[in-house]
Amino acid sequence: MSGVDKKVKLIVAMDTNYCIGKDNKLPWVQKDDLKRFKKLTHGCTVIMGSNTMRSLGKPLSGRENIVVTSKDQVLEGFTKACSLEGALDVAKSSNSKGIWIIGGASIYRQALDSDYVDEMYITRIVTIVDKGDTFLDPFNLYNWELIKFDIRYKDEYNEHNYTYCIYNKVNY
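Every value quoted in this text rests on a predicted model; they were computed, and no experiment measured them.

Visitor: Which parts of the structure should I look at to understand the overall build of the chain?
Guide: Summing up its helical and strand segments, the chain has four helices and ten strands in all. Along the chain direction, N to C, the helices and strands of the chain fall in the order β-β-α-β-α-β-β-α-β-α-β-β-β-β. Taken against the 2.2 N^0.38 rule, which gives 16 Å for 172 residues, the C-alpha radius of gyration of the chain at 15 Å falls within 12% of a compact globule. Along the three orthogonal principal directions, the C-alpha set of the chain runs to about 40 × 40 × 30 Å. When the 172 residues of the chain are sorted by exposure, 44% land in the buried category. Once local pairs closer than 6 in sequence are excluded, the contacts in the chain between residues at least 24 apart make up 65%. A distance of 4 Å separates the average location of the 24 positive side-chain charges in the chain from that of its 22 negative side-chain charges.

Listed below in structure tokens is the structure:
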């Protein structure tokens, strides 16, 4: 099938201390990063945990939304998977144009610890969130090759300076 990429990609925005959330929300306003997220994930399958599902409140439009949870209920419009592996199986059998892991902290940890991720798209927000409560575990970039690095500066649409980095997994 043309245009289909079954690599597993992880996308995350974090501050200098790996903070990814506060009060179940993004702790910054970075409109350009949100536009980038939408452009990259549109038409794809997005995989998330139940906290991320609740923070969104509804499925992301134009995407297949899979929630990894052991709970019985998920919100309308989301597909439930009991494990990350199960979610990836569903995603790989779908006809969406790609697979993205979009959070939260537990799902990121599982994906990186299980070696499922082929590419990482990381936005580093140049700030330290006061009283952030959700953090990505620091990870080793030894098996990753930086293929893109882009510096952006704060403006009327973006609260902070930030960088976009894309990494590809390197198999030694």
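Visitor: Is there a simple way to think about unusual backbone geometry in this case?
Guide: Glycine aside, residues mostly have negative phi angles, and peptide bonds mostly take the trans form. That bond from Gly103 to Gly104 is cis: its omega, 5°, falls within 30 degrees of zero. One can find Gly104 in the loop between strand S6 (99-103) and helix H4 (105-113). Despite not being glycine, Asp23 shows a phi value in the positive range, around 55°.

Visitor: Explanation requested: the layout of surface pockets in the structure shown.
Guide: The gaps of empty space that remain are located by a probe, the size of a water molecule, rolled over the atoms. The computed volume of the largest pocket comes to approximately 1,000 Å³. Contributing to the lining of the largest pocket are 40 residues, with Leu26, Thr52, Ser55, Leu56 and Ile102 lying nearest its centre. Secondary structure elements with two or more residues in the lining of the largest pocket: strand S1 (8-14), strand S2 (19-21), helix H1 (31-41), helix H2 (50-56), S6 and H4. Class assignment for the residues of the lining of the largest pocket results in 17 nonpolar, 17 polar and six charged. Approximately 270 Å³ is the volume attributed to the second largest pocket. In terms of lining, the second largest pocket is formed by 19 residues, of which the most central are Leu112, Asp113, Phe139, Asn140 and Trp144. With five residues, H4 is the single largest residue contributor to the lining of the second largest pocket. When its residues are assigned to classes, the lining of the second largest pocket shows eleven nonpolar, three polar and five charged.

Visitor: How should the sheet that holds strand S4 (residues 64-68) be read in this particular structure?
Guide: Strand pairing in a sheet takes place through backbone hydrogen bonds and is either antiparallel or parallel in direction. What the eight strands build is an open sheet, ordered S5-S4-S3-S6-S1-S7-S10-S9; its pairing is mixed. Among the strands making up the open sheet, the edge pair consists of strand S5 (79-81) and strand S9 (144-152). In this sheet, neighbouring strand axes are inclined to one another by 20° on average, regardless of whether the strands run parallel or antiparallel. As judged from the four bridges shared by strand S3 (residues 45-49) and S6, these two strands associate in the parallel manner. The residue bridging Thr45 from the neighbouring strand is Ile99, located in S6. Across the sheet, helix H3 (residues 84-93) touches S1, S3, S4, S5 and S6, and the angle it forms with S4 is around 165°.

Visitor: I would appreciate a short explanation of H4 in the present structure.
Guide: Owing to its 3.6 residues per turn, the α-helix aligns residues three or four sequence positions apart on the same side. When H4 is considered as a whole, its buried residues turn out to be Ala105, Ile107, Tyr108 and Ala111. Along the axis of H4, the buried positions cluster into a sector of 165°, meaning they face one direction only. Within two residues after H4, Asp115 carries a phi angle of roughly 65°, on the positive side.

What counts as what
Residues numbered from 1 in each chain as written. Predicted model: local features only at pLDDT ≥ 70, side-chain atom pairs only at ≥ 80, totals over all residues. Heavy atoms only, no water. Helix = DSSP H or I, 4+ residues; strand = E, 2+ residues; numbered from the N terminus. Rg over C-alpha atoms; globule rule 2.2 N^0.38 Å. Buried < 20%, exposed > 50% of the residue type's maximum accessible area, 1.4 Å probe, protein only. Contact = heavy atoms within 4.5 Å. Lys, Arg positive; Asp, Glu negative; His and termini not counted. Charge placed at Lys NZ, Arg CZ, Asp CG, Glu CD. 1 Å grid on protein atoms, 1.4 Å probe; cavity = no way out; pocket = protein on both sides within 12 Å on 5 of 7 lines; lining within 4 Å. Points joined across faces, edges and corners; volume = space filled by probe spheres on them. Nonpolar A, V, L, I, M, F, W, Y, C, P; charged D, E, K, R; others polar. Pairing = 2+ DSSP bridges. Axes fitted to C-alpha atoms, helices over the stretch in contact; angles between N-to-C directions. Arc of directions from axis to C-beta.

From the geometry alone we can't say anything about function, so treat these as descriptive.
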